[in-house]
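Working through the structure, step by step
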Amino acid sequence: MADESGLNGNINHYGEATASTSRTPVEDAERKSEQSEEKKGEEEVINTVPFYKLFAFADSKDVILIVVGTIAAIVNGVAMPLMTVLLGDLIDSFGQSDNKNTVRVVSKVALNFVYLGIGSGVASFFRERQASRIRSLYLKTILRQDVAFFDMETNTGEVVGRMSGDTVLIQDAMGEKVGKFIQLIATFIGGFVIAFLKGWLLTLVMLTSIPPMVASGAAISIIVTKMASRGQAAYSVAGNIVEQTIGSIRTVASFTGEKQAVSNYNKSITKAYKSGVHEGLATGLGLGAVMFVIFASYGLAVWYGGKLIVEKGYTGGDVINVIVAVLTGSMSLGQASPCFGAFAAGQAAAYKMFETINRKPDIDSYDPNGRKLDDIRGDIELRDVHFSYPARADEQIFSGFSLSIASGTTAALVGQSGSGKSTVISLIERFYDPQSGEVLIDGINLKELQLKWIRGKIGLVSQEPVLFASSIKENIAYGKEGATIDEIRAAAELANAAKFIDKLPQGLDTLVGEHGTQMSGGQKQRVAIARAILKDPRILLLDEATSALDAESEHVVQEALDRVMVNRTTVIVAHRLSTVRNADMIAVIHRGKIVEKGTHLLN
């Protein structure tokens, strides 16, 4: 006890016990979401992508389908104006004085309607298939990003929201709406071409309805784009609050933070609701304006068409043909207006997703370049390292920090919270790169080694182990791709986990629950140790691996750690004597500097 007090006193001379801040996960989520929202607000002017870029990930098969679908949509769209020609012929045939001839002409027109219907039906067959590829690319790109990206540019709620919600908007914008839009534009052009051919005077008069309709459509597009972007931002914030709250439900419940969580969620939903109301109002007013113009055109066309029959020799069929053709074309333009809303929403949704997909991280775990050695000894050296976290660039953690750890030895880092102990772990794992200086493994700069390969040689056990909502076997197997059941059992045995696992009714197939909530702290930690040593790492990083455990659990876990540290270079971040007493070297870190170094016996 005297030794322990002495060492603890030495540590506390430079530091203090770890203590969590009083901020709840919900407040954390709200704070991060507000920062994200502020950032989005700054980018609002440039938050869309050009429409053609929605198809940036199309392969050759997609291109063929798009071309065929476009042709089919045009054919399908022109069918409606062609029908107006048949309608004019039908009306003229009804007006003939020869009743016998009327039946023959009407039968011929009716047969043309059948042919037109068959052609339209065949042309309506094709659809799209790219949204799933965008989802896959987005997830793959998210997983290859460096840790700094998650610190500064995104959060879990945003990623989930984009994967589930935004891809639907993109799918809508580049799928059925595109075919419909092309079809409606073909109807618009075809209608006016036929109208000019059948009666250009009446068509010119009716053209006065076009400018107001175009203005309405443009206004809808601009307003809906802004409202859609704001709505997506608000829903992303709300989704993140829910994810944080449910993921930390025990903490929320213990601090009676339910009311605050609901309040924060309601704030975000209210913003989304207001954006939705404004979007609906803009769309409704725009469509109302379009429909007003259409019905006003009816009155103008009927009055002027009557004058043309009397003065210019137009037939009733010609006048009806022109009126229906122009109104069909105009109506199709009005029906195309909602497509602008879908396109605008899809472009806004695609902006952040495509920006992420195209982002190349500074530390790329998918990069195949870099050296791969036969094996490593495990010598670690941090040489004149200067470092600050990207999210807190003005707060310098290390200024000329140096540390050397020989292979096969155990080094313990102690000191106050925020002194830089865990930063050493992050730099060795290459979660971050130093602004200057070098991190060396066996004398080779970490940047020169292939990242995926070197991480396969390093095992990490954190203070709060993260377990996935699956079985114990799957959690341990996560440490090594293609691990056999014998390797998993051997790792569990070495980590002192085999005894408690064998006592469970389902053994290794026991489900651990969300974030491992069905297991005790000591059990979770031992599963995490088994996972870390399954790949037989040459370097083992223990970031306060026993600090959150009670004395009994700590003893069992420490016993497991003593087993697995043999013949491995081990770096321990700790506050407890039991963790560091057997270390070959203890380094006391204070404000980013090593102020004392030695062994437990020396102290």
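What counts as what
- Residues numbered from 1 in each chain as written.
- Predicted model: local features only at pLDDT ≥ 70, side-chain atom pairs only at ≥ 80, totals over all residues.
- Heavy atoms only, no water.
- UniProt positions renumbered as here; feature names shortened; annotations may be inferred.
- Helix = DSSP H or I, 4+ residues; strand = E, 2+ residues; numbered from the N terminus.
- Contact = heavy atoms within 4.5 Å.
- Phe/Tyr/Trp six-rings, centres within 6.5 Å; stacked < 30°, edge-to-face > 60°.
- Buried < 20%, exposed > 50% of the residue type's maximum accessible area, 1.4 Å probe, protein only.
- Pairing = 2+ DSSP bridges.
- Axes fitted to C-alpha atoms, helices over the stretch in contact; angles between N-to-C directions.
- Expected span 1.5 Å × (residues − 1).
- Salt bridge = Lys/Arg side-chain N within 4 Å of Asp/Glu carboxyl O.

In its Sequence similarities (unreviewed entry) section, the UniProt record describing the protein chain reads: "Belongs to the ABC transporter superfamily. ABCB family. Multidrug resistance exporter (TC 3.A.1.201) subfamily." Quoted verbatim from the Subcellular location (unreviewed entry) field of the UniProt record, the comment on the protein chain reads "Cell membrane".

Further remarks concern the overall build of the protein chain. Along the protein chain, the regular secondary structure elements total 20 helices and ten strands. Look at the contacts in the protein chain between residues 6 or more apart in sequence, and 82% of them connect residues 24 or more apart.

What follows deals with the packing of aromatic side chains. Taken as a whole and assessed by the stated rule, the structure comprises nine aromatic pairs. A centroid spacing of 5.1 Å and a plane angle of 85° characterise the contact between Tyr389 and Tyr432, whose relative ring orientation is edge-to-face. Taken together, the residues span a long stretch of sequence, with Tyr389 in the loop between β1 (380-387) and β2 (398-405) and Tyr432 in the loop between α13 (421-428) and β4 (436-441) at a distance of 43 residues. For the residue pair Tyr389 and Tyr432, the accessibility class agrees, reading buried in each case. Taking the centre distance of 4.2 Å and the plane angle of 15° together, the rings of Phe398 and Phe401 count as stacked. Here Phe398 matches Phe401 in class, with each residue buried. Put simply, the rings of Phe181, Phe340 and Phe343 pair up and form one aromatic cluster.

Spatially, the four strands line up as an open sheet ordered β2-β1-β4-β5, and their pairing is antiparallel. The sheet is open, and its two edges are formed by β2 and β5 (444-445), each paired on a single side. As paired elements, β1 and β4 share five bridges and run antiparallel to each other. Counterpart to His386 in the pairing with β4 is Ser436. Of the strands in this sheet, β1, β2 and β4 are in contact with α13, which crosses β1 at around 110°.

Moving on, we get to helix α18 (residues 521-533). For α18, with 13 residues, the first-to-last C-alpha span of 19 Å sits near the 18 Å given by 1.5 Å per residue. Within α18, eleven of the 13 residues are buried, which leaves it mostly tucked inside the rest of the structure. Looking at α18, one finds that the buried residues are Gly522, Lys524, Gln525, Arg526, Val527, Ala528, Ile529, Ala530, Arg531, Ala532 and Ile533.

Another aspect to go through is the sheet that holds strand β6 (residues 458-461). The strand order across the open sheet formed by six strands is β6-β7-β8-β3-β9-β10, and the pairing between neighbours is mixed. Among the strands making up the open sheet, the edge pair consists of β6 and β10 (593-598). Each strand of the sheet is rotated relative to its neighbour by a mean of 20°, with strand direction disregarded. As paired strands, strand β3 (residues 410-414) and strand β9 (residues 585-590) are joined by four bridges and run parallel to one another. Counterpart to Leu413 in the pairing with β9 is Ala587.

If you walk through the whole model with that rule in mind, you get ten salt bridges. The shortest N-O distance in the salt bridge between Asp375 and Lys457 comes to 3.8 Å. Remark: Lys457 occurs in the loop between α14 (451-455) and β6 and Asp375 occurs in the loop between α12 (316-357) and β1; sequence separation between them is 82 residues. As a salt-bridge pair, Arg430 and Asp433 come within 2.9 Å of each other at their nearest N and O atoms. Of the residues examined, Arg430 reaches a relative accessible area of 10% and is grouped as buried. Several salt bridges converge on common partners, so that one network encompasses Glu381, Arg383 and Glu438.

Position of Thr510 relative to the elements: it lies in the loop between α17 (498-503) and α18. Residue class for Thr510 comes out buried when judged on its relative accessible area of 16%. Apart from residues no more than four positions distant in its own chain, Thr510 is found in contact with Ser470, Ser471, Ile472 and Leu504.

All right, on to unusual backbone geometry then. One non-glycine residue, Arg430, lies in the positive phi region at around 55°. Mapped onto the elements, Arg430 comes out in the loop between α13 and β4. Positioned with a positive phi, Arg591 is a non-glycine residue whose angle comes to about 50°. Take Arg591: it is sitting in the loop between β9 and β10. Given the relative accessible area of 68%, Arg591 is considered exposed.

Among the structural elements, Ala325 can be located in helix α12. If we skip the residues at most four places from it in the chain, Ala325 touches Thr84, Gly191 and Ala195.

Across the five residues that make up strand β8 (residues 569-573), a large majority, five, are buried. Side chains Thr569, Val571 and Val573 of β8 all project onto a buried face; the interleaved residues Thr570 and Ile572 project onto the opposite face, where all are buried too. Here four bridges tie β3 to β8, and the two strands are oriented parallel to one another. In the strand pairing of β8, Leu413 is matched with Val573.

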